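Below are the chains, spelled out letter by letter.
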Amino acid sequence: MGIYPKSLERLIEHLSRLPGIGQKSAARIALHVLRSDKQLSEDLAMSLIAVKEKIRLCSVCFNITDDDPCRICSDENRADGTLCVVEGPGDQLALEEPGTFKGRYHVLHGVLSPLDGIGPKDLKINELLSRISKEKIREVILATNPTAEGETTASFIAGTLLKDRLDLKITRIALGVPMGGDLKYMDRMTIEHAMKSRMPVEL
Amino acid sequence: MDMHISPSIIMRIKEFGESDLIVTFFTRDHGRIKGVAKGARRSRRRFSNSLDLFCLSDVEYSLKSNGDIHFLHSSKLIKPFPGIRSDFSALSLASYMIELTEILFPQNIVEKRMFELLKNCFVLLSQGERMDCLRIFFETKAMSLGGYAVSLDKCCHCKRIYSGAGRAVFIPDRGGISCLKCERESEYSIGLEPEAVNILKTLQSESDGSPSEILQLDMKIINKIRHLLKLHIDYRIGRKIKSAEYLDW
């Protein structure tokens, strides 16, 4: 038997199932909810239900959205012939934040990972191929993360795309020294990439 | 807590909390270890890109006396094996090697020769060695180190010494060969030419030389040994290896 009343125990149990929240954090959050206004609990419960009921995948880019197609896919100004391929919705948000990219996205929902039993058929790669012919895409930017699996996914997609469309421009996001980084602490692969993809200085 | 530094192959990584990683790595000195790397996803100094899958890194870690999860202090990249990162077939084979190692060597079982085998195979894979040869090379040696070497010296039924001249039959449930007097060839008990038996012997010994040199690039022998190893591994391991599905893509 737990030390808290049953209903509170249940809330702690549910909260502790969330990623990154252990028993202690769950108890702290549950006690905070208990001390707060009823309005907070109602808003929280309603937004949790709304997320499950309203959020779905955009039928074009497969990003998460309230409306189908999503805001970016229904914006005609963003149909500039470039398509940025990302691993997941979080990556799309990160690329959207600076506001410099004006094209559209395609969300793969994962990377090739034989260790976890994830192969090409488990990602939105076929959907990407059909989009490219339908939407008159001229450039595909491969923005998967520079991990072993992300890099392999990028080269697998590049190889698959080039089989059908030799005229397609395929680019990969740059790799190198990050802002505020320190060369002394960089690994050799990052330094190698940074030196290979060095840019002319423009004044 | 004891502090150690070992060259290690990164086997699995899993995001944990805001910025931590749970890392499984195969060390030269303490076998397979699982540990938490605090702040690794944000770290630019302590872990700087050295905890990616299949990388060879010098890992500094402490072993906890109780529990399975140990503690990683820092790591430094030694070899990233770029050839594995650019090709799906290479990634699949590297994943297969990792999975087979995990099955054969449970946590904290120390086997320096297995670490060297895994490292050398990753070097060869990254350099573009023929994957069918490399797979046979790894499977034979890994099974051997794991205690499941194919018995090739005598008939597993009548115990007659195999002279290395005649045809033999592989019996999966015995993990060895039989003479033709004791066993007939079938789909399950495959027949082996003396060359195939001798090459397997060489692979199972502490042989030097590259996999394609040992296998002499004879497709008939390669296919025969591959079939034998599949039967042998399926029988001994008794479970599905996830990444095996992608090896022939």
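Residues numbered from 1 in each chain as written. Chains lettered and ligands numbered in written order. Predicted model: local features only at pLDDT ≥ 70, side-chain atom pairs only at ≥ 80, totals over all residues. Heavy atoms only, no water.

Some thoughts on the overall build of chain A
Note the cut-off: Each helix corresponds to a stretch of at least 4 residues labelled H or I by DSSP, and each strand to a stretch of at least 2 residues labelled E; elements are numbered beginning at the N terminus. Computation of the radius of gyration draws on C-alpha atoms, with the globule rule given as 2.2 Å multiplied by the number of residues to the power 0.38. For each residue, the accessible area found with a 1.4 Å probe, counting protein chains only, is set against the maximum for its type, and the residue is called buried under 20%, exposed over 50%, and partly exposed in between. In this description, contact between two residues means that some pair of their heavy atoms is separated by no more than 4.5 Å. Residue burial considers only the protein chains on display, and all accessible areas are found by Shrake-Rupley using a 1.4 Å probe. Positive charge is attributed to Lys and Arg, negative charge to Asp and Glu, and no charge count is given to His or to the chain ends. One atom stands in for each charge, and that atom is NZ of Lys, CZ of Arg, CG of Asp or CD of Glu.
Within chain A, the secondary structure is distributed over seven helices and six strands. If you list the helices and strands of chain A from N to C, you get α-α-α-β-β-β-α-β-α-β-α-β-α. In terms of overall dimensions, chain A is more spread out than a globule: its C-alpha atoms have a radius of gyration of 22 Å, far above the 17 Å expected for 203 residues. Across its three principal directions, the C-alpha atoms of chain A cover 65 × 45 × 40 Å. Each of the 203 residues in chain A was classed as buried or not, and the buried ones make up 34%. Summarising the internal contacts of chain A: among those between residues at least 6 apart in sequence, 47% fall at separations of at least 24. Accessible surface for chain A amounts to roughly 13,200 Å². Of this, 58% is attributable to carbon and sulfur atoms. Distance between charge centres in chain A, computed from 28 positive and 29 negative side chains, equals 1 Å.

A word on the environment of Ser 144 of chain B
Residues and elements named next belong to chain B. Relative to the assigned elements, Ser 144 resides in helix H3 (residues 131-145). Since its relative accessible area comes to 22%, Ser 144 is described here as partly exposed. A sequence separation of 61 residues divides Ser 144 from Ser 205, and the C-alpha atoms of the two residues are 8.9 Å apart. Ignoring anything within four residues of it in the chain, the contact list for Ser 144 reads Ala 149 and Gln 204.

Concerning the sheet that holds strand E1 (residues 2-16) of chain B
All names here are of chain B. As a reminder, the rule being used: The criterion for strand pairing is that DSSP finds at least two bridges linking the strands in question. Axis definition: a line fitted to C-alpha atoms, limited for helices to the stretch in contact. Angles are taken between N-to-C directions and run from 0 to 180 degrees.
Overall, mixed pairing links the five strands, which are arranged E1-E2-E3-E5-E4 in a closed barrel. Going across the sheet, the axis of each strand differs from the next one's by a mean of 50°, ignoring polarity. Sheet strands in contact with helix H1 (residues 88-104) are E1, strand E2 (20-27) and strand E3 (31-37), and its direction is about 115° off that of E1.

Considerations on the environment of Asp 68 of chain B
Residues and elements named next belong to chain B. Mapped onto the elements, Asp 68 comes out in the loop between strand E4 (56-63) and strand E5 (69-79). For Asp 68 and Ile 161, which are 93 residues apart along the polypeptide, the C-alpha to C-alpha distance reads 46 Å. Those residues in contact with Asp 68 that sit more than four places away from it in its chain are Lys 34 and Gln 107.

Regarding the interface of chain B and chain A
For clarity, the cut-off: The buried area of a pairing is the accessible area, by a 1.4 Å probe, that goes missing from both parts when the two are put together, added over both. Note on definitions: salt bridges are taken to be side-chain nitrogens of Lys or Arg within 4 Å of carboxyl oxygens of Asp or Glu. Definition of a polar contact: a pair of N or O atoms within 3.5 Å, with one able to donate and the other able to accept a hydrogen when the atoms are protein atoms, and with sequence-neighbouring residues admitted only if both atoms are side-chain atoms. We call Asp, Glu, Lys and Arg charged. Ala, Val, Leu, Ile, Met, Phe, Trp, Tyr, Cys and Pro are nonpolar, and the rest, Gly among them, are polar.
On the chain A side, the residues contacting the 28 residues of chain B number 29 residues. When the buried area of chain B at its contact with chain A is split by residue, Arg 44, Arg 85 and Phe 88 of chain B rank highest and sum to 27% of it. For the interface between chain B and chain A, the tally reads three salt bridges. There are nine residue pairs in polar contact (both at pLDDT 80 or more) connecting chain B and chain A. Contributions of two or more residues to the side of chain B that touches chain A are made by E1, E5 and H1 of chain B. Of the residues forming the side of chain B that touches chain A, the biggest block, six residues, is contributed by H1 of chain B. Its residues assigned to classes, the side of chain B that touches chain A shows 13 nonpolar, seven polar and eight charged.

Quick word on the domain arrangement of chain A
The line we're drawing: Start and end positions for the domains come from either an automated domain assignment or a database one.
If you check the domain split of chain A, you get domain 1 (78-172) and domain 2 (174-203). The C-alpha-based centres of domain 1 of chain A and domain 2 of chain A are spaced at 24 Å.

Some thoughts on the pattern of salt bridges
Considering all chains together, one arrives at 24 salt bridges over all chains under this definition. Glu 111 of chain B is the partner of Arg 113 of chain B in a salt bridge, and the nearest nitrogen-oxygen pair spans 3.2 Å. With a relative accessible area of 15%, Glu 111 of chain B lands in the buried category. Between Glu 185 of chain B and Arg 167 of chain B there is a salt bridge; the shortest N-O distance is 2.6 Å. Of this pair, Glu 185 of chain B sits in the loop between strand E7 (176-179) and strand E8 (191-192) while Arg 167 of chain B is found in the loop between H3 and strand E6 (168-171), placing the two residues 18 residues apart along the sequence. In this structure Glu 185 of chain B comes out as partly exposed when scored by relative accessible area, which is 38%. Salt bridges linked by common partners bring Glu 151 and Arg 172 of chain A together with Asp 52 and Arg 85 of chain B together as one network.

Let's talk about empty space enclosed by the protein
A probe matching the size of a water molecule, rolled over the atoms, marks out where space remains unfilled. All names here are of chain A. Here is the rule: A cavity here means a set of points on a 1 Å grid, drawn over the protein atoms and nothing else, where a 1.4 Å probe fits but cannot get out; a pocket is an open set with protein on both sides within 12 Å along at least five of seven lines, and a residue lines either one if it has an atom within 4 Å of a point. Grid points are joined across faces, edges and corners, and a volume is the space filled by probe spheres set on the points.
Inspection of every chain in the model, using the stated rule, returns one cavity of 30 Å³ or more. Taken as a whole, the largest cavity holds about 30 Å³ of empty space. Lining of the largest cavity is provided by Cys 61, Asn 63, Cys 70, Ile 72, Cys 73, Gln 92 and Tyr 105. For the lining of the largest cavity, the class distribution of residues is five nonpolar, two polar and no charged.

Comments concerning a nonpolar patch on the surface
Rule in force here: Each patch is built from residues lacking any salt bridge and having more than 30% relative accessible area; the joining distance is 9 Å for like charges and 5 Å for nonpolar side chains (Val, Leu, Ile, Met, Phe, Trp, Tyr).
Where nonpolar side chains cluster on the molecular surface, the patch consists of Val 51, Ile 55, Leu 57 and Ile 64 of chain A and spans about 320 Å² of accessible area. By the secondary structure assignment, Ile 64 of chain A is in strand E2 (residues 64-65).

What to know about the domain arrangement of chain B
Accessible area lost during the coming together of the parts is what is often quoted as the interface size. All names here are of chain B. Taken domain by domain, chain B consists of domain 1 (2-80) and domain 2 (85-149 + 188-246). For domain 1 versus domain 2, the separation of C-alpha centres amounts to 26 Å. Considering only the surface of domain 1 that becomes buried against domain 2, Phe 26, Arg 32 and Phe 54 emerge as the three largest contributors, covering 37% of it. Linking domain 1 with domain 2 are two salt bridges, by the criterion used here. Here Asp 52 makes a salt bridge to Arg 85, at a shortest N to O gap of 2.9 Å. Taken together, domain 1 and domain 2 are joined by five residue pairs in polar contact (both at pLDDT 80 or more). Of all the secondary-structure elements, those providing two or more residues to the side of domain 1 that touches domain 2 are E1, E2, E3 and E5. With six residues, E1 is the largest single contributor of residues to the side of domain 1 that touches domain 2. Taken together, the residues of the side of domain 1 that touches domain 2 break down into ten nonpolar, five polar and eight charged.

Examining the confidence of the model for chain B
Our working rule: The predictor's confidence in any single residue is recorded as pLDDT, a number from 0 to 100.
In the predicted model, chain B carries a mean pLDDT of 90, and 97% of its residues have values of at least 70. No element of chain B has a lower mean pLDDT than helix H5 (residues 211-215) of chain B, at 74, and none a higher one than H1 of chain B, at 97.

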